[in-house]
Amino acid sequence: MDRALSWLLGGRRPLASHLLLAPAAAWMIVFLVLPAAGLLLLSLAKNGPYGEILWTLSLNNYRRAFDPKYLPVLLRTLGFAGGTTLLTLLLGYPLAYFLSFRAGRWRNAMLIGLMVPFWTSALVAFYSWMIILGKEGLLNAALLRFGFISAPISILYTSFSVLLGLVYFYLPFMVLPLYGSLEKIPRQYVEAAYDLGADRWTAFRKVTLPLSLPGVIAGSLLTFVPCLGDFLTAEILGGPRYYLLGNLISNQFLMAQDWPFGAALTCLLLTCLVGGLWLYRRWDDQA
Amino acid sequence: MMTDATRRDFLKIAVLAPLMPALMAACRRADTRRVVNFYNWSNYIGKDTLPEFTRRAGVSVRYDLFADEEEMFAKIRAGARGYDLVVIGDYLIPRFKSLNLIDAVPSGTLKNMGNLAPRFRRPSYDPDETTIPYLWGTTGIAYNRRKLAKQPSSWWDLWDPKYKDRISMLDNVRDCVAVAMQLLRIPQTTRDPEDFRKVRELLLRQKPLVRQYSSSSYLNSLVAGEIDLAMTWSGDLFQAARDNPDLDYVLPKEGTYMWVDCLAMLRGSRHREDTLRLIDYLLEPEVAGSISNSVRYATPNAKAFPLVEKALRRDPRVYPTPQTMGQLQLHHILDPEQSEMWNQVWADVKVS
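What counts and what doesn't
Residues numbered from 1 in each chain as written. Chains lettered and ligands numbered in written order. Predicted model: local features only at pLDDT ≥ 70, side-chain atom pairs only at ≥ 80, totals over all residues. Heavy atoms only, no water. Helix = DSSP H or I, 4+ residues; strand = E, 2+ residues; numbered from the N terminus. Rg over C-alpha atoms; globule rule 2.2 N^0.38 Å. Contact = heavy atoms within 4.5 Å. Phe/Tyr/Trp six-rings, centres within 6.5 Å; stacked < 30°, edge-to-face > 60°. Buried < 20%, exposed > 50% of the residue type's maximum accessible area, 1.4 Å probe, protein only. Lys NZ or Arg CZ within 6 Å of the ring centre and 35° of its normal. Domains from an automatic or database assignment. Buried area = accessible area lost by both parts, 1.4 Å probe. Salt bridge = Lys/Arg side-chain N within 4 Å of Asp/Glu carboxyl O. Nonpolar A, V, L, I, M, F, W, Y, C, P; charged D, E, K, R; others polar. Polar contact = N/O pair within 3.5 Å; in protein donor to acceptor, adjacent residues only side chain to side chain. Patch = residues over 30% accessible without salt bridge, like charges linked within 9 Å, V, L, I, M, F, W, Y side chains within 5 Å. Areas by Shrake-Rupley, 256 points an atom, 1.4 Å probe, with all protein chains shown as cover.

Draft legend 1. A look at the overall build of chain A. When you go through chain A residue by residue, the secondary structure sums to 13 helices and two strands. A compact globule built from 287 residues should have a C-alpha radius of gyration of about 19 Å, whereas chain A, at 24 Å, is more than 25% larger. Dimensions of chain A along its principal axes, counting C-alpha atoms only, are 80 × 75 × 40 Å. The long-range fraction of contacts in chain A, counting pairs at least 24 apart against all pairs at least 6 apart in sequence, stands at 64%.

Draft legend 2. Examining the packing of aromatic side chains more closely. Overall, the coordinates contain 32 aromatic pairs over all chains when judged by the stated rule. Residues A:Trp201 and A:Phe204 carry aromatic rings whose centres are separated by 5.9 Å and whose planes lie at 25° to one another, so their mutual orientation is stacked. Of this pair, A:Trp201 and A:Phe204 both sit in helix α10 (residues 200–229), three residues apart, which is roughly one turn of that helix. You can call A:Trp201 exposed: its relative accessible area is 54%. Judged by relative accessible area, A:Phe204 falls into the buried class, the value being 17%. These aromatic residues form a ring-pair network of at least three members: B:Tyr39, B:Trp41, B:Tyr44, B:Phe66, B:Tyr83, B:Tyr134, B:Trp233, B:Trp259 and B:Tyr297. Its end group placed over the ring of A:Phe101, A:Arg187 keeps NZ or CZ at 4.1 Å from the ring centre. In this arrangement the basic side chain of B:Arg95 is found over the ring face of B:Phe73, its NZ or CZ atom lying 4.7 Å from the centre.

Draft legend 3. Expanded view of the domain arrangement of chain B. Residue and element names in this part refer to chain B. For chain B, the domain assignment lists domain 1 (11–136 + 260–319) and domain 2 (137–257 + 329–351). Computed from C-alpha coordinates alone, the two centres of domain 1 and domain 2 are separated by 27 Å. Taken together, both faces of the contact between domain 1 and domain 2 bury some 1,800 Å²; the carbon and sulfur share is 56%. It is Tyr91, Tyr297 and Arg317 that lose the most area in domain 1 upon contact with domain 2, and together they represent 37% of the buried surface on that side. A salt bridge links Asp248 to Arg317; the nearest nitrogen and oxygen atoms lie 2.7 Å apart. If you list the elements that add at least two residues to the side of domain 1 that touches domain 2, you get α4 (69–77), α5 (93–98) and α11 (285–295). Counting residues per element, the side of domain 1 that touches domain 2 draws most heavily on α11, at three residues. Considering only residue class, the side of domain 1 that touches domain 2 consists of 11 nonpolar, four polar and eight charged.

Draft legend 4. View of the environment of B:Leu50. Residue and element names in this part refer to chain B. In this structure, Leu50 sits in helix α3 (residues 49–57). When its relative accessible area of 11% is taken as the criterion, Leu50 is described as buried. Spatially, the C-alpha atoms of Leu50 and Val210 are 38 Å apart, while their sequence positions differ by 160 residues. When sequence neighbours within four positions are dropped, the list of residues in contact with Leu50 reads Phe38, Ile45, Val61, Tyr63 and Leu278.

Draft legend 5. Highlighting the interface of chain B and chain A. Tallying the contact residues gives 42 residues for chain B and 36 residues for chain A. Of the roughly 3,500 Å² buried at the junction of chain B and chain A (both faces included), carbon and sulfur atoms supply 59%. Sorting the residues of chain B by area buried against chain A places B:Arg77, B:Arg211 and B:Val351 first, and these three jointly supply 19% of that buried surface. The tally of links between chain B and chain A comes to two salt bridges. Residue B:Asp165 is joined to A:Arg241 by a salt bridge in which the shortest nitrogen-to-oxygen separation is 3.2 Å. Summed over the shared surface of chain B and chain A, the number is seven residue pairs in polar contact (both at pLDDT 80 or more). Only α1 (2–16), α4, α5, β7 (210–213), α8 (218–224) and α14 (336–351) of chain B provide two or more residues apiece to the side of chain B that touches chain A.

Draft legend 6. Representation of unusual backbone geometry within the structure. Residue and element names in this part refer to chain B. In this model, Asp165 sits at a positive phi of 70°, which is unusual for a non-glycine residue. Mapped onto the fold, Asp165 is located in the loop between β5 (132–144) and β6 (167–169). Of the residues examined, Asp165 reaches a relative accessible area of 22% and is grouped as partly exposed. With phi around 65°, Arg296 is a residue other than glycine that occupies positive phi space. Tracing the chain through its elements places Arg296 in the loop between α11 and α12 (310–313). Looking at Arg296, the relative accessible area reads 15%, which means it is buried.

Draft legend 7. Summary view of a nonpolar patch on the surface. Residues and elements named next belong to chain A. A cluster of nonpolar side chains, contributed by Trp27, Met28, Phe31, Leu32 and Val33, occupies part of the molecular surface with about 550 Å² of accessible area. Note that Phe31 resides in helix α2 (residues 22–43). Judged by relative accessible area, Phe31 falls into the exposed class, the value being 52%.

Draft legend 8. Broad picture of the environment of A:Thr77. Residue and element names in this part refer to chain A. By the secondary structure assignment, Thr77 is in helix α4 (residues 71–102). According to the relative accessible area criterion, Thr77 is buried, its value standing at 1%. Through-space distance from the C-alpha of Thr77 to that of Ala141 is 31 Å; in sequence the pair is 64 residues apart. In this view, Thr77 contacts Leu228, Leu244 and Leu245; residues no more than four positions away in its chain are not counted.

Have a look at this one:
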């Protein structure tokens, strides 16, 4: 037993330790590589009558994806993803800062508090938001009661409700990497800055902020990238005017019965994301 | 050197991966329990209908719901093989047939087949009776009596800028494009791109007024007062009106569409006998009558008609008078090319 384990863990034959990769590698092949290859193949197929898939391969679906009529969808998606990233950063940075520098013994409780909404299904959370934001919902009732408004206002199915849903859902994606990188900053560095005569603001600006930048970038990527493909938020909290890239793709599969086109759109989105991440890694390695 | 070896090891593992499906298939056992897997619209059956069947026949029913026909179709086409019985709209039947997704129900073997009204036998959308009519209804306008000064009477009311942001439309290509065609007096048989351009224009003109395209959640919005005017299916609105008595339903004066939802047996069903037993049960007059009472749609079952509540039976919006009946038309059965044109228009409306 011991011999087998030590063989597996390397020792004299380091190659054996690669066997440890087997379960994860099998998983990645079956659930990532093969489906991605299938998706790529599907994107070259042709959509037949009643959504049948005809295997006459061409780049036609990609040509269709660059139709200018999809440009507003793309811009809208970039706008919402960018806005969400910015807002979660503005909300999340002070929160992460407080968690790692000020929270003291409340830290764990607060971290759990941050995670709890994230453990609820997004579907349940968004339906709850519908109840809060509706014309006869809690928010309108409260505003009316305290005299801020004289008639119920539309909050649901506006850009505000979509943005709110996105920020609500993606905030932990931003806060956790930020918290991680702030937590790692040696406190002596900040103290050294004070000793050298820096005030709090200067110390933050010159020491803490630059050292937390990896967290800012990781958090922004973790928010921005999934936001680009999000369709549930717009589907539930957005009206017909907030049709995003994710909705366009999901509709090809569910409504329009045009799987090849949906696959082409997905491949394009994936290429942009992976390309973006790759560029970021190259920049990060050089820096 | 090292990287080469790594790659070779990786390949060895890659070779093993395709064995996984065989392994999983070996784990699958034959399904022998008596059960029928039934896939139906949400809110489309009586509360006691299925428990009663289980009690009587000793067959349990696994009941699953959908809120959108196109989504249901996508799921079944993608190979959701688990279902035995599914409810599909008349216009989908040719599509299911041409993709070989359903088996013909041997209607001759059903005891209660004769209960159906003659006009629902051998219908144009399914002349060889592959499927069995379940319920039928109309597409019309729902409105909130308390919030609207005037009762809507025409499809054009859904295009009235006065009601901006208070309108919902069904998220359904068939209904929306059909109504636009009706308003433009374009026959559903058209393949003229110019006609489709006009339809797109009309629907796009309406879009800024529309708060929601939805086929199920809009009912909650109506009840909650979020919207006051909606394109709806008759029975759905009557069900919603139980929660908000201010809601009412009108058939537009231009006339409208009727549709028939049918029970279809999916190909590859492993519970054929019990599925047929369930279909026969649903055709029993008492059962069909109580379903109609509970979901507020009309039953095609002539023997069940006298068992339907009087208020429902006498409501001309549920069981139209022979004269209004003349104004109701079935959806035209589209060929694949037309279907593609309809979908394209609808996709353009949704995307812009």
